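The residues making up each chain are set out below.
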There are 2 protein chains.
Amino acid sequence: MEEALKKLPRTTDPRLLLGHAHADDAGIVALTDEIALVQTVDFFTPVVDEPRDFGRVAAANALSDVFAMGGRAVSALNIVCFPDSLLEPGVLGEILAGGQDKILEAGAVLAGGHSVSDNELKYGLAVTGVVHPERFWHNAGGRSGDVLVLTKPLGTGLVSTALKKGKLKEHEATLIATMAALNAAAAHAARSLDDERPGAIGAVTDITGYGLVGHVSELARASELRVSLSASSLPALDGALEASRKGFHTRGEEPNAVYAGLETAEGIDKHVRSLALDPQTSGGLLLCVRQEDVEALRTRLLDAGTGAWVVGSLSDGPAAVVLGE
Amino acid sequence: MEEALKKLPRTTDPRLLLGHAHADDAGIVALTDEIALVQTVDFFTPVVDEPRDFGRVAAANALSDVFAMGGRAVSALNIVCFPDSLLEPGVLGEILAGGQDKILEAGAVLAGGHSVSDNELKYGLAVTGVVHPERFWHNAGGRSGDVLVLTKPLGTGLVSTALKKGKLKEHEATLIATMAALNAAAAHAARSLDDERPGAIGAVTDITGYGLVGHVSELARASELRVSLSASSLPALDGALEASRKGFHTRGEEPNAVYAGLETAEGIDKHVRSLALDPQTSGGLLLCVRQEDVEALRTRLLDAGTGAWVVGSLSDGPAAVVLGE
């Protein structure tokens, strides 16, 4: 769709505070001097077996953009493509219940939705959040010297691929819990720090289909900085490295490397490289934090129950992504 | 989806000013004392051949709920299911261009979107509008004595069905123009009257898949009033009655009659009854207007370039829908 959108006549509207220019997934539209709307939509085919889990993961994933921009989720609409002839209606009920779990947890209101008949089940949300028009985070805000902190471990694509082949079943529960976890707590922790120490947080992005490497490359381009990722510091989801060693890769890794123009240092373990490239479903936030505030941020994130791994840093450009030791 | 939603544990949130209780298609969520968000989403498979026309019709249809509630459209997100393997990317570009035409015409901002691969093409929008939290229209606001004014002719399902069979090609252009027309001008005209003469407009709904009869039955139930529709006054889209006479009916008519519990007076032309039951794509607004304000409303609607047909009236309940002479 991005290609098709690029060919449309450019319409610039001063109300659009953030659009597709920096490859952010969501858009921000000014409403008043004090309020901007964060708008995002995401839906996909099942990534886990249990309908309720699927609903929870899909909703957490769709809500994530609002948190990645520092916003508060206000309302959500269900988006459903459902194969009436193949699945029982109870399955849909479970999916919607899972979605509602996460909408409520996010403090948002379910305002409606739309369903169509389809051969293939798909579910997700369109979400509206709010943020101050001068205080949102985006991926163009990184500064040379910033440290990169990641809030969820990597490898949902690897473990999911293994599970689809009936392997690594012992890691399924952790995978689902990770993907169903909202990025709300991480965003809240970072926001509170940023409010107390203005400028603590530079850029923020969430990690989804382009993997850690792909999303930091967008940040590198948008911020015109060099991103150095530390292979030895990347957190792996339980079972992710094992899945990689056993050959359970998604097809997204190499396209993500190309998309990012990734430079890999010599001697980097290829399974760790896979982790860095692995497409994530409902991945964590990647926060660019001022060096002096790293420990304060990590403390708040850990207190909030999220991960807080230092995975790299930003330095002067040109834009590039390097995976080193 | 409605059935599945009903089975979820009821969550009442005071911010949800309007939800599914009265079968309105969209939801309204309070944001501040002055601002409520109108949230709606709709998407469907192609209803016309030309991609750009399809984009325009789908977008006009999705935007309509905001106008039916008296709101102003603020932002829109594209929702795309696209068969990459079957259609050229240029087709998607045309669809999105058509959608953008209508988003711009509505005064809204395109804030992003999401696309997935699918066997079957689908397109639509998730839309956010704003309205004053105490000044929105809904279908529970009808009053005994109100007159029903419809802003678009009926029969898009009938003519579309004929076109699918290669018939009535001469009416295609009018059909497309009708479906692609925004309900913005009608809503604006009604709003201006309602601002000048508070109470002029009672309930409003837009006419879509349940047909005129189905949507007025929701209004009858929500307002606990009897709706009398006048068969001889129903406006027909060019070719619609001919399509009915030639047997080009959708499968929606009788389910709509059952849904509404329609009572049809003796001697009513069955083709006019079809018109009343015909599922509409991007149909007009149905406005309940105070008797003394009918002519003022009609004048404003006609000046705004929309239709303005008096098609019935409301009287004391119990709730019912009657199609008479």
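Peer 1: Is there a simple way to explain the overall build of chain A in this structure?
Peer 2: When helices and strands are counted, chain A shows 11 helices and 13 strands. Taken along the three principal axes of its C-alpha coordinates, chain A extends 55 × 55 × 45 Å. Taken over 325 residues, chain A has a buried fraction of 61%. Pairs at least 24 apart in sequence give 85% of the contacts found in chain A among residues at least 6 apart.

Peer 1: Quick question: what am I supposed to make of the domain arrangement of chain A here?
Peer 2: In many analyses, interface size is given as the accessible surface area lost on bringing the parts together. Residues and elements named next belong to chain A. Here chain A is partitioned into domain 1 (2–131) and domain 2 (139–324). The gap between the C-alpha centroids of domain 1 and domain 2 is 22 Å. In this complex, domain 1 contributes 25 residues to the contact, which on the side of domain 2 involves 26 residues. Regarding the contact of domain 1 and domain 2, the summed buried area is about 1900 Å², with carbon and sulfur atoms giving 55% of it. Inspection of the domain 1/domain 2 interface yields 0 salt bridges.

Peer 1: Whenever I open this one, the packing of helix α9 (residues 253–260) of chain B against helix α10 (residues 270–277) of chain B confuses me. Can you help?
Peer 2: Between two packed helices, both the angle of their axes relative to each other and the distance between the axes serve to describe the pair. Residues and elements named next belong to chain B. Packing of α9 against α10 brings their axes to within 9 Å, and their N-to-C directions diverge by 75 degrees. Between α9 and α10, the crossing angle belongs to the class labelled roughly perpendicular. From α9, E253, E254, N256 and A257 reach across to α10, where they touch R273, S274 and L277. Here the contact of α9 with α10 is composed, by residue class, of 2 nonpolar, 2 polar and 3 charged.

Peer 1: Which parts of the structure should I look at to understand the side chain of A:S230?
Peer 2: Residue and element names in this part refer to chain A. Mapped onto the secondary structure, S230 falls in strand β9 (residues 225–230). Here the side chain of S230 touches S233 through a polar contact of 2.8 Å, side chain to side chain. When sequence neighbours within four positions are dropped, the list of residues in contact with S230 reads V311, G312, G324 and E325.

Peer 1: What am I meant to see in the relation of the copies chain A and chain B here?
Peer 2: With an axial shift of 0.0 Å and an RMSD of 0.0 Å, the rotation relating chain A to chain B amounts to 180 degrees. Such a turn and shift between the copies fits a two-fold axis. Within chain A, the C-alpha atom positioned nearest to the axis of rotation is that of A:A126, 3.3 Å from it. Both copies contact each other with a shared surface, as 100% of the interface residues of chain A are interface residues in chain B too.

Peer 1: Sorry if this is basic, but what is going on with helix α11 (residues 294–303) of chain B here?
Peer 2: Residues spaced three or four apart along an α-helix face the same direction, because each turn holds 3.6 residues. Residues and elements named next belong to chain B. Among all positions of α11, only V294, A296, L297 and L301 are buried. The arc that holds every buried residue of α11, seen down its axis, measures 165 degrees, which confines them to one face. Of the surrounding secondary structure, the elements contacted by the buried residues of α11 are β7 (147–150), α6 (184–196), β8 (201–206), β11 (285–289) and β12 (309–316).

Peer 1: Is there a simple way to think about the environment of A:P133 in this case?
Peer 2: Residues and elements named next belong to chain A. As for its placement among the helices and strands, P133 is situated in the loop between β6 (122–131) and β7 (147–150). For the pair formed by P133 and L31, sequence separation is 102 residues and the distance between their alpha carbons is 8.4 Å. Not counting chain neighbours up to four residues away, the residues in contact with P133 comprise L17, T32, D33, E34, I35 and A36.

Peer 1: Looking at this model, I keep getting lost on the interface of chain A and chain B. Mind explaining?
Peer 2: With 53 residues of chain A in contact, the opposing surface of chain B contributes 54 residues. Taking both partners together, chain A and chain B bury about 4400 Å²; carbon and sulfur atoms supply 70% of that area. Taken together, the connections running from chain A to chain B amount to 2 salt bridges. The residue A:D118 makes a salt bridge to B:K122 at a minimum N-O spacing of 3.0 Å. Of the residues that constitute the side of chain A that touches chain B, the class distribution is 29 nonpolar, 18 polar and 6 charged.

Peer 1: Just checking my understanding: could you explain the packing of aromatic side chains for this structure?
Peer 2: Note on aromatic pairs: each is described by the distance of the centres and the angle between the planes. Tallying each qualifying case throughout the model produces 6 aromatic pairs over all chains. Centre to centre, the rings of A:F54 and A:Y123 are 6.3 Å apart; their planes meet at 75 degrees, and the pair counts as edge-to-face. Taken together, the residues A:F54 in helix α2 (residues 51–68) and A:Y123 in strand β6 connect sequence positions 69 residues apart. The two residues A:F54 and A:Y123 agree in class, both being buried. Ring geometry for B:F44 versus B:F54: centroids 6.2 Å apart, planes at 40 degrees, classification tilted. In this pair, B:F44 sits in strand β3 (residues 36–44) while B:F54 sits in helix α2 (residues 51–68), placing the two residues 10 residues apart along the sequence. By relative accessible area, B:F44 is classed as buried at 17%. For B:F54, a relative accessible area of 1% corresponds to the buried category.

What counts and how
Residues numbered from 1 in each chain as written. Chains lettered and ligands numbered in written order. Predicted model: local features only at pLDDT ≥ 70, side-chain atom pairs only at ≥ 80, totals over all residues. Heavy atoms only, no water. Helix = DSSP H or I, 4+ residues; strand = E, 2+ residues; numbered from the N terminus. Buried < 20%, exposed > 50% of the residue type's maximum accessible area, 1.4 Å probe, protein only. Contact = heavy atoms within 4.5 Å. Domains from an automatic or database assignment. Buried area = accessible area lost by both parts, 1.4 Å probe. Salt bridge = Lys/Arg side-chain N within 4 Å of Asp/Glu carboxyl O. Axes fitted to C-alpha atoms, helices over the stretch in contact; angles between N-to-C directions. Parallel < 35°, antiparallel > 145°, perpendicular 65-115°, else oblique. Nonpolar A, V, L, I, M, F, W, Y, C, P; charged D, E, K, R; others polar. Polar contact = N/O pair within 3.5 Å; in protein donor to acceptor, adjacent residues only side chain to side chain. Least-squares fit on C-alpha atoms with pLDDT ≥ 70 in both. Arc of directions from axis to C-beta. Phe/Tyr/Trp six-rings, centres within 6.5 Å; stacked < 30°, edge-to-face > 60°.

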